[in-house]
Amino acid sequence: MSETPVEPEEVAPEEIPAPVVPDPVRPQTTSDLLKIQRALGGDTMWGLRLEIAFKIEGKPDTTSSRIAVTKACVDNISCDIDGTVSTEGVTDEQLMEAVKRVDET
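Residues numbered from 1 in each chain as written. Predicted model: local features only at pLDDT ≥ 70, side-chain atom pairs only at ≥ 80, totals over all residues. Heavy atoms only, no water.

Chemist: Any chance you could break down the overall build of the protein for me, citing the residues and the numbers?
Modeler: Summing up its helical and strand segments, the protein has four helices and two strands in all. Put simply, the protein runs from its N terminus to its C terminus through helices and strands in the order α-α-α-β-β-α. Residue burial in the protein is summarised as follows: out of 105 residues, 28% are buried. If you take every contact in the protein between residues at least 6 apart in sequence, the share linking residues at least 24 apart comes to 66%. Total accessible area on the protein is roughly 8100 Å²; 55% of this is exposed by carbon and sulfur atoms. (Helix = DSSP H or I, 4+ residues; strand = E, 2+ residues; numbered from the N terminus. Buried < 20%, exposed > 50% of the residue type's maximum accessible area, 1.4 Å probe, protein only. Contact = heavy atoms within 4.5 Å. Areas by Shrake-Rupley, 256 points an atom, 1.4 Å probe, with all protein chains shown as cover.)

Chemist: I'd like to hear about helix α1 (residues 32-42), residue by residue, with values.
Modeler: Helical periodicity: at 3.6 residues per turn, an α-helix aligns residues three or four positions apart in one direction. Listed in full, the buried residues belonging to α1 are K35, I36 and A39. Along the long axis of α1, the arc covered by the buried residues comes to 100 degrees, so they all point the same way. Residues of α1 that are exposed and point more than 90 degrees away from the buried face comprise L33, G41 and G42. The secondary structure elements touched by the buried residues of α1 are α2 (44-57), α3 (63-72), β1 (78-79) and β2 (85-86). (Arc of directions from axis to C-beta.)

Chemist: Pulling in residues and values, what's your account of the pattern of salt bridges?
Modeler: According to the stated counting rule, one finds five salt bridges in the structure shown. Here R49 and D92 are joined by a salt bridge, their closest N and O atoms 3.0 Å apart. With R49 in helix α2 and D92 in helix α4 (residues 92-100), this pair connects stretches of sequence that are 43 residues apart. A salt bridge links D61 to R66; the nearest nitrogen and oxygen atoms lie 2.7 Å apart. (Salt bridge = Lys/Arg side-chain N within 4 Å of Asp/Glu carboxyl O.)

Geometric values such as these leave the question of function open.
If you want it as structure tokens, here you go:
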């Protein structure tokens, strides 16, 4: 009795997904002056948050006041070397406290 050889089934090679490559981490600037300039000059949401905070506290919304508040919050502002700024790290409580102290400076 002779057996017929069984041909192995052809199996399609599994598609191997491309490796996920994270976005490169952009070097952050440590310059407080650059962070302040970028936040005041390029972050629309920061400007709106400042406007609201000054109105809530009944304080005048001036350029010097905005600089003072942003300086007080600068540790929680990030800015990469390409100029992309993020003020999301500044909490509402921190912002309101800085606005309250504007006259003290």
